[in-house]
Amino acid sequence: MSETADRVKKIVVEHLGVEADKVTEDASFIDDLGADSLDIVELVMAFEEEFGVEIPDDAAEKITTVKDAISYIDEHKG
Amino acid sequence: MRRVVVTGLGLVTPLGADVETSWANLIASRSGAGPITRFDASDQKCRIACEVKPADHAYGFDPSKRVDHKIQRQVDPFIIYGIDAAGQALEDAGLTEMTEAERFRAGCSIGAGIGGLPGIASESIVCHEKGPGRVSPHFVHGRLINLISGQVSIKYGLMGPNHAVVTACSTGAHSIGDAARMIAMDDADVMLAGGAEGAICPLGIAGFAQARALSTNFNDTPEKASRPYDRDRDGFVMGEGAGVVVLEEYERAKARGAKIYGEVIGYGLSGDAYHVTAPHPEGSGAFRSMEMAMRKSGLSLSDIDYINAHGTSTPLGDELELGAVRRLFGNAIGDLSMSSTKSAIGHLLGGAGAVESIFCLLAMRDQIVPPTLNLDNPSENCAGVDLVPHVAKKRPVRAVLNNSFGFGGTNASLVMKAV
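Rules used in this analysis
Position numbers for residues count from 1 along each chain, tracking the sequence in the order it is written. As a convention, the first chain written is A and the first ligand written is 1, with the rest following in written order. Owing to the predicted nature of the model, reporting of local features is limited to residues with pLDDT of at least 70; listing and counting of side-chain atom pairs is limited to 80 or more, with chain, interface and lining totals taken over all residues. Each side-chain value is derived from all of the structure's non-hydrogen atoms; neither hydrogens nor water enter the calculation. We count a stretch as a helix when DSSP gives it H or I for four or more residues in a row; a strand needs E for two or more, and each element gets its number in order from the N terminus. Here the globule rule reads 2.2 Å times residues to the power 0.38, and the radius of gyration is calculated from C-alpha atoms. The classification of residues rests on relative accessible area computed with a 1.4 Å probe and restricted to protein chains. Under 20% of the type maximum is buried, over 50% is exposed, and intermediate values are partly exposed. Residues count as neighbours in contact if any of their non-hydrogen atoms are within 4.5 Å of one another. Accessible surface area values rest on a Shrake-Rupley calculation with a 1.4 Å probe, where residue burial reflects the displayed protein chains alone. Charged residues are defined narrowly, with Lys and Arg counted positive, Asp and Glu counted negative, and His plus the chain ends left uncounted. Charged groups are reduced to one reference atom each: NZ for lysine, CZ for arginine, CG for aspartic acid, CD for glutamic acid. Accessible area that two parts lose when put together, with a 1.4 Å probe and added across both, is what the buried area reports. Each salt bridge in this description consists of a side-chain nitrogen of Lys or Arg and a carboxyl oxygen of Asp or Glu lying within 4 Å of one another. Identification of polar contacts relies on pairs of N or O atoms within 3.5 Å, with a donor-acceptor requirement for protein atoms, meaning one able to donate a hydrogen and the other able to accept it, and with residues adjacent in sequence counted only if both atoms are side-chain atoms. UniProt positions are given in the numbering used here, feature names are shortened, and annotations may be inferred rather than shown by experiment. In this description, a line fitted to the C-alpha atoms serves as the axis of each element, helices being fitted only across the stretch in contact, and the angle between N-to-C directions of two axes falls anywhere from 0 to 180 degrees. Any angle between 65 and 115 degrees counts as roughly perpendicular, while under 35 counts as roughly parallel, over 145 as roughly antiparallel, and the rest as oblique. The hand of a helix crossing depends on one turn: near helix anticlockwise from the far one by less than a right angle means left-handed, and clockwise means right-handed. Gly is placed with the polar residues, together with every amino acid not listed as nonpolar (Ala, Val, Leu, Ile, Met, Phe, Trp, Tyr, Cys and Pro) or charged (Asp, Glu, Lys and Arg). Strands pair, by our definition, only if DSSP identifies at least two bridges between them. Within 6.5 Å between ring centres, the rings of Phe, Tyr and Trp (the latter by its six-membered ring) count as paired, and their orientation is classed by plane angle as stacked under 30 degrees, edge-to-face over 60, tilted in between. Two conditions define a charge located above a ring, namely a distance within 6 Å from the ring centre to NZ of Lys or CZ of Arg, and an angle within 35 degrees of the ring normal. The reported arc concerns the directions from the helix axis to the C-beta atoms and nothing else. The domain boundaries here were taken from an automatic or database domain assignment.

Chemist: Looking at this structure, how should I read the overall build of chain A?
Modeler: Counting its secondary structure elements, chain A contains four helices and zero strands. Along chain A, from the amino end to the carboxyl end, the secondary structure elements read α-α-α-α. For 78 residues, the compact-globule estimate of 2.2 N^0.38 gives 12 Å, and chain A sits close to it at 11 Å. The C-alpha extent of chain A, read off along each of the three principal axes, is 30 × 25 × 20 Å. Looking at chain A as a whole, 46% of its 78 residues qualify as buried. Long-range contacts, defined here as pairs at least 24 residues apart, represent 56% of the contacts in chain A between residues at least 6 apart. About 4,300 Å² of surface is accessible on chain A, with carbon and sulfur atoms providing 48% of the total. Charged side chains of chain A number 7 positive and 22 negative; the gap between the two group centres comes to 6 Å.

Chemist: Help me understand the interface of chain A and chain B, please; the structure alone is not making it clear to me.
Modeler: Quite often, the size of an interface is put as the accessible area lost when its parts meet. The partner chain B presents 12 residues to the 15 residues of chain A that form the contact. For the pair chain A and chain B, the two sides together bury roughly 1,100 Å², of which 45% comes from carbon and sulfur. For the pair chain A and chain B, the interface holds five salt bridges. On inspection of chain A and its partner chain B, the count reaches nine residue pairs in polar contact (both at pLDDT 80 or more). Residue contributions to the side of chain A that touches chain B peak at seven residues, all from helix H2 (residues 37–51) of chain A.

Chemist: Got a minute to help me understand the UniProt feature "modified residue: O-(pantetheine 4'-phosphoryl)serine" (unreviewed entry) in chain A in this structure?
Modeler: Per the UniProt entry, the sites bearing "modified residue: O-(pantetheine 4'-phosphoryl)serine" (unreviewed entry) are A:Ser37 in this numbering. By the element assignment, A:Ser37 lies in helix H2.

Chemist: Looking at this structure, I do not really get the packing of helix H1 (residues 3–16) of chain A against H2(A). What am I missing?
Modeler: The angle between the axes and the distance between the axes are what describe a pair of packed helices. Residues and elements named next belong to chain A. It is the contact of H1 with H2, at a shortest axis distance of 10 Å, that shows an interaxial angle of 140°. The angle between the axes of H1 and H2 places the two elements in the oblique class. Crossing of H1 over H2 shows right-handed handedness. Residues Thr4, Arg7, Val8, Ile11, Val12, His15 and Leu16 of H1 lie in contact with H2, whose contacting residues are Asp39, Glu42, Leu43, Ala46, Phe47, Glu50 and Phe51. For the contact of H1 with H2, the residue count by class is eight nonpolar, two polar and four charged.

Chemist: Explain unusual backbone geometry here, please?
Modeler: Most of the time, phi is negative for any residue but glycine, and the peptide bond is trans. Residues and elements named next belong to chain B. Notably, Ser29 is not glycine yet its phi reads approximately 65°, a positive angle. Since its relative accessible area comes to 24%, Ser29 is described here as partly exposed. Even without glycine at this site, Asn374 takes up a positive phi of about 65°. By secondary structure assignment, the location of Asn374 is in the loop between strand S11 (368–369) and strand S12 (393–394). The class for Asn374 is buried, based on a relative accessible area of 7%.

Chemist: Is there a simple way to think about the UniProt feature "domain: Ketosynthase family 3 (KS3)" (unreviewed entry) in chain B in this case?
Modeler: Residues annotated by UniProt as "domain: Ketosynthase family 3 (KS3)" (unreviewed entry) correspond here to residues 1–418 of chain B. Measuring from the first to the last C-alpha atom of residues 1–418 of chain B gives 19 Å, for a span that is 33% helix and 18% strand.

Chemist: In this structure, what is going on with the UniProt feature "domain: Carrier" (unreviewed entry) in chain A? I would like to understand it.
Modeler: Mapped onto the present numbering, the UniProt feature "domain: Carrier" (unreviewed entry) falls on residues 2–77 of chain A. End C-alpha to end C-alpha, residues 2–77 of chain A measures 14 Å, and it is 58% helix and 0% strand.

Chemist: Before we go on, may I ask you to explain the sheet that holds strand S7 (residues 241–249) of chain B in this structure?
Modeler: Pairing between sheet strands relies on hydrogen bonds along the backbone, with the strands arranged either parallel or antiparallel. All names here are of chain B. Pairing is mixed in the open sheet, where 10 strands are placed in the order S5-S4-S6-S7-S1-S8-S14-S13-S9-S10. Each end of this open sheet is capped by a strand with a single partner; those strands are strand S5 (162–163) and strand S10 (337–339). Note that strand S1 (residues 4–12) and strand S8 (residues 262–271) share two bridges and pair antiparallel. Counted as the bridge partner of Val6 is Gly262 from S8. Strand contacts of helix H3 (residues 77–93): S1, strand S4 (106–112), strand S6 (190–197) and S7, with the helix running at about 135° to S1, the strand carrying the most contacts.

Chemist: How do you make sense of the packing of aromatic side chains when you look at a structure like this?
Modeler: Ring pairs (aromatic) are described by centroid distance and by the angle formed between their planes. All names here are of chain B. As enumerated under the stated definition, the model contains four aromatic pairs over all chains in all. Joined through ring pairs, the aromatic side chains of Phe208, Phe236 and Phe407 make up one cluster. Geometry around Tyr250 places Arg3 over its ring, the cationic atom sitting 4.1 Å from the centre.

Chemist: Looking at this structure, how should I read the environment of B:Asn308?
Modeler: Residue and element names in this part refer to chain B. When you line up the elements, Asn308 lands in strand S9 (residues 306–308). Between the C-alpha atoms of Asn308 and Asn402, which are 94 residues apart in sequence, the distance is 4.9 Å. Ignoring sequence-local partners within four residues, the contact set of Asn308 consists of Ser339, Thr341, Glu356, Phe359, Cys360, Leu401, Asn402 and Asn403.

Chemist: Explanation requested: the UniProt feature "active site" (unreviewed entry) in chain B in the structure shown.
Modeler: Residue and element names in this part refer to chain B. What UniProt calls "active site" (unreviewed entry) maps, in this numbering, to Cys169. Assessed through its relative accessible area of 10%, Cys169 is described here as buried. If near-sequence neighbours (up to four positions away) are discounted, Cys169 is found in contact with His310, His347, Leu349, Gly350, Ser404, Phe405 and Gly406.

Chemist: Can you walk me through helix H4 (residues 66–76) of chain A in this structure?
Modeler: One turn of the α-helix equals 3.6 residues, which is why residues spaced by three or four share an orientation. Three or more residues of H4(A) are buried, namely A:Val66, A:Ala69, A:Ile70, A:Tyr72 and A:Ile73. One face of H4(A) carries all of its buried residues, which in axial projection span an arc of 165°.

Chemist: What's the story with the pattern of salt bridges in this structure? I'm lost.
Modeler: Where side chains of opposite charge bring their charged atoms close, a pairing between them can arise. Applying the stated criterion to the full structure yields 35 salt bridges over all chains. Residues joined in a network through salt bridges with shared partners are A:Glu48, A:Glu49, B:Lys130 and B:Arg134.

Chemist: Could you clarify how one ought to interpret the domain arrangement of chain B in this entry?
Modeler: Residues and elements named next belong to chain B. The domain boundaries assigned to chain B delineate domain 1 (4–255) and domain 2 (266–417). When each unit is reduced to the centre of its C-alpha atoms, the spacing between domain 1 and domain 2 is 21 Å. The interface is formed by 62 residues belonging to domain 1 together with 63 residues belonging to domain 2. Taking both sides of the interface into account, the surface hidden between domain 1 and domain 2 amounts to around 4,800 Å²; carbon and sulfur atoms contribute 65%. At the boundary of domain 1 and domain 2, one finds four salt bridges. Glu319 is the salt-bridge partner of Arg233, the closest N and O atoms lying 3.0 Å from each other.

Chemist: Honestly, the pairing of S4(B) in this entry has me stumped. Any pointers?
Modeler: Along any regular strand, the residues point their side chains to alternate faces of the sheet. Residues and elements named next belong to chain B. In terms of burial, S4 is largely enclosed, as seven of its seven residues are buried. Strand direction decides the pairing type here: S4 and S6, joined by seven bridges, are parallel. Paired with Gly107 across the strands is Met191, a residue of S6.

Chemist: How do you make sense of helix H6 (residues 147–156) of chain B when you look at a structure like this?
Modeler: Residue and element names in this part refer to chain B. Among the 10 residues of H6, eight are classified as buried, and the element is accordingly described as predominantly covered. Looking at the buried residues of H6, the elements they touch are helix H2 (69–74), H3, helix H4 (100–104), S4, S5 and S6. Of the residues one or two after H6, Gly157 is the one with positive phi, at around 70°.

Written out as structure tokens, the structure reads:
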């Protein structure tokens, strides 16, 4: 597992209060991890802080799974 | 009008995270006061408070018991205290599993005086230092006063009236009074009613201290600071926590064999129309509030055995309230007991009236009245009134009166009696 994946999963566990083993790469934030749309806004903000990336709203809307977040961050972080 | 009774209680206080622990510590004359631990208060004029104790304390509060992890992260402390106290009350009443039809007729009226001040203060720093794009998407609904009622209704599926009183330190009493009327007038059969507060933060302490409302002479002896009716009193001690009751229509409660703590039989409200923080110099608002509650109750003055006073330990307020009680009750004042439990738990602001109403109900249940701590030298105007100094007192308690007065000159009084 990549270092990005580890850090993303840690943030998801902390923000959503879910068990770490449920945060698989295929997990959907809304369908599998109990998030609502505002939780995703908050998660995106936490990713921006953690990785020093900007995630514009139109890109954030396409992040629906843990894997989507990891891929976006890996492609855009400096 | 339909009759309204109390069938469930919930408390989070500086003396305990549940009803029985808080009550036992109160009756044992314990104080919930101490140095402020939430933040570094060394530059504050007032450095003491009655904080809800952390989970590892002997009577500490564990938020995870009834509040989801995610919600704990999103909301201010007053909402967490309120959700927990509401859950306790529903569990106590045996009403956690109502049918959909019952839940259409069950609502919430749980307010606060200040609301999410700690979160507003900290998020304003985020906005200032990091910009608007870093403000939490949960900022607004994690701070709004009606979000205890909102969160509780969602958690338990309560689809009846959803209401939240905001009347400063009268909030808890108004919440119970208003909710009781909703049941009496057939808007609902069951109401969760009460108040909460969690405003112990730098801005909250500084604001009340600057308004000259807080005690500042007892920073080294916090347990001595809240001393209603004592001649050395110099302001209130801020408390925090929540009190919530289950109100239920009497015939419904009786039919299901519910445990009944008491009946809400009188509710009075008034405005001082005088000053934003100072009480009316003749206590006229307090008098009219109590007078209305007594008139609605249909009781005689001599039926009241216990008054839980507003009694915040401020130089002006305590004696004005006592003067109003004296004028209303006349000779009957010699037979009742009156105490201020703020001497032990501090002033819970929006939670005060609800927490203190619960203490009134427990006084009737156990036939014992809680003490006024630190009443070493009563002010001269206190003669001839049993203010229950220092220790709780066993006595008959058939009916009770609870007073709450708030900034803005808002007054509420509740009369309750055993069923």
